[in-house]
Amino acid sequence: MTKEKKNKPSKDLPLGFVDRQEKELLVRDFIISNIKEVMIKYGFQYLETPSFEYSDSIGKFLPDKDRPDEGVFSFKDENKWLSLRYDLTAPLARYVAKNYLEIAKPFKRYQLGTVWRNEKPGPGRFREFMQFDADFVGTKSLQADAELCVMVAEILEKCSLSKSDYIIKISSRKITEELFKKLNINDNQKKLTTLRALDKIDRLGWEGVKQLLGKGRKDKSGDFTKGANLNSQTIETIEKELKKNSPESDDLKEIIDIFKNYKFNNFEFDPSIIRGLEYYTGAIFEVNLRFDVKNNKGKVIQFGSIGGGGRYDNLVSNFGNYDAPATGISIGLDRLVYALMQKKEFKIKQTKPVVIIVFDKNFMKEYINIQSLLREANISSEIYPAESKLKKQMEYANKINSPAVILYGEDEIKSGKPTLRNLSTGEEKSIEIKELINEIKKII
RNA sequence: GCAGCAGUAGCUCAGUUGGUUAGAGCACUAGUUUGUGGAACUAGGGGUCGGUGGUUCGAAUCCACCCUGCUGUACCA
């Protein structure tokens, strides 16, 4: 609260960037530790690639060739364009192409890392966020695709979600490709617009999607979106085909068979999921939550999926020499954190220090002795880090949610028995120093 | 990007037919209690009313433009 206001630097953060506080980070750590456990169990290798890549290496093969330069943060360095990675799959393809001869195939790797996207942020959706990504590179086996889904389900359940909290939706790019062939839709632009429209079924329903397949649609705010201009007969065929609730593509049938072997049934065939437009070549997955997610005003919002993936058999071969069919899946960690924190039953224990009150600097030796005992017992503690009145120190302990304070002033030192105050009950006890650890353990 | 709505204290908000010095609750600071937090009471600090320009004797209030946020929509690897 300074008076001088002119020419001060801004305290605001760039659009879509956020400070993340302990409460949130602990949930994220919890998720990450579950991920690592599962990944080790499934035999995946841990990899890290840099935040920046040459734009060519990750940009040239952007799935959406419509706007190849949009959506990423880039800058020019010595005449070469660099971009912050926008996902972990493109760098993986680059890594595999670079190290192809040395790595064992199929290459199973997982990665955790921050990615950046230059697009409009939404609730639980930022321009900088953390992704988890696991892939099989160098195999066409659908066992890999199936296993990825089973594995993600295991991770989610380890994170305390129940089967009714999430569902993995599956489809295949082959279904829409067949459909386009059948309907004689060859124009690439038309295909894209059609796929984009179909991608919105969960949000807009068939009514909205049919408008987008036809002339176009006006949204709530009155804004108008142009449609794919398909004729009504074509639209009806599409609707009829996609409303079938069992898959008619061989790859999906096989994957579902493998699911049975794993006794995994928390999935659903949904031909309306689309994902990356020019990227996937076969099966596609999407991980959706089935409970309501609210914004900070308590309003239920359109949350979308927390992850997804699919088979991309051409991504590595784009680099030239090697043909490496691949399949992968990723989870947006921060979105999962955002959703998880809203589940009432979900609680993460935060360890807060026991505060040792300072009555007089001259007693510091005694305080350090007590603190050493606590540290040996692995109990989080701190000697109040300033000179202050007792009341201030108590207020501090209360505010940081400390479980207890240790009072060791002149009176206590005389008797050699500190007072332990439980801050949630207010109860105070005079205790022998050697009993201190046991008493504190009862409280925390 | 497009569209709608909104921006007043750290937070949530009140305050417009334009009129002295802009308010409340919570939070913060100090005290009532010089060895005791979460309750109460008392006092206090904190705002160029998102920004710039305009209309006016006079603007938080009216107008224009800009910025930021929310929501929808587009795009979404």
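The structure contained in this document is the topic of the report that follows. (Residues numbered from 1 in each chain as written. Chains lettered and ligands numbered in written order. Predicted model: local features only at pLDDT ≥ 70, side-chain atom pairs only at ≥ 80, totals over all residues. Heavy atoms only, no water.)

**Considerations on the pairing of strand β12 (residues 307-311)**
Counting buried residues along β12, 5 of its 5 residues qualify, which places the element largely inside the surrounding structure. Sheet topology places β12 next to strand β13 (residues 326-332); 5 bridges connect them, and they run antiparallel. Following the sheet pairing, G310 is matched in β13 by G328. (Buried < 20%, exposed > 50% of the residue type's maximum accessible area, 1.4 Å probe, protein only. Helix = DSSP H or I, 4+ residues; strand = E, 2+ residues; numbered from the N terminus. Pairing = 2+ DSSP bridges.)

**Observations regarding the sheet that holds strand β16 (residues 404-407)**
Strand pairing within a sheet occurs via backbone hydrogen bonds; the two strands may be parallel or antiparallel. Strand order across the open sheet formed by 5 strands is β15-β14-β16-β17-β18, with mixed pairing between neighbours. In the strand order of this sheet, the two ends are held by β15 (381-383) and β18 (428-430), each with one partner. Strand-to-strand, the axes of this sheet are offset by a mean angle of 20 degrees, without reference to chain direction. Where strand β14 (residues 354-356) lies against β16, 2 bridges are found, and the strand directions are parallel. Bridged to I356 within β16 is I406. Contacts from helix α14 (residues 436-443) reach β14, β16, β17 (419-422) and β18 within the one sheet, and its direction differs from that of β17 by about 5 degrees. (Axes fitted to C-alpha atoms, helices over the stretch in contact; angles between N-to-C directions. Contact = heavy atoms within 4.5 Å.)

**With respect to the pattern of salt bridges**
Any two side chains of opposite charge can pair, given that their charged atoms come close. As enumerated under the stated definition, the model contains 25 salt bridges in all. Put simply, K182 and E241 hold a salt bridge, and the shortest N to O gap is 3.0 Å. Pair noted here: K182 is in helix α5 (residues 173-183) and E241 is in helix α8 (residues 232-242), with a separation of 59 residues, a long-range link. Across the pair E239 and K210 runs a salt bridge whose closest N-O atoms are separated by 2.8 Å. A residue pair is termed long-range when its members are at least 10 positions apart, and E239 in helix α8 and K210 in helix α7 (residues 201-213) qualify at 29 residues. Judged by relative accessible area, which is 11%, E239 ranks as buried. Its relative accessible area of 26% is what places K210 among the partly exposed residues. Each of R20, E24, R28 and D334 takes part in salt bridges that share partners, so that together they form one network. (Salt bridge = Lys/Arg side-chain N within 4 Å of Asp/Glu carboxyl O.)

**Focus on the pairing of strand β4 (residues 80-84)**
Where strand β2 (residues 52-54) and β4 come together, 3 bridges link them in antiparallel fashion. Within β4, the residue paired with Y54 across the bridge is L82. Sheet topology note: the strand β3 (residues 74-77)/β4 ladder contains 4 bridges and is antiparallel. Pairing of S74 across the sheet is with S83, part of β4. Two successive antiparallel strands, β3 and β4, enclose a turn made up of 2 residues, where E78 displays a positive phi of approximately 50 degrees.

**Remarks on the packing of α7 against α8**
Interhelical geometry of α7 versus α8 gives an angle of 140 degrees and a closest axis separation of 10 Å. Viewed along their axes, α7 and α8 adopt a mutual orientation that is oblique. The element α7 and its partner α8 pack so that their crossing is right-handed. On α8, the residues touching W206, K210 and L213 of α7 are I235, I238, E239 and L242. Here the contact of α7 with α8 is built from residues that sort into 5 nonpolar, no polar and 2 charged. (Parallel < 35°, antiparallel > 145°, perpendicular 65-115°, else oblique. Left-handed = near helix turned anticlockwise from the far one by under 90°. Nonpolar A, V, L, I, M, F, W, Y, C, P; charged D, E, K, R; others polar.)

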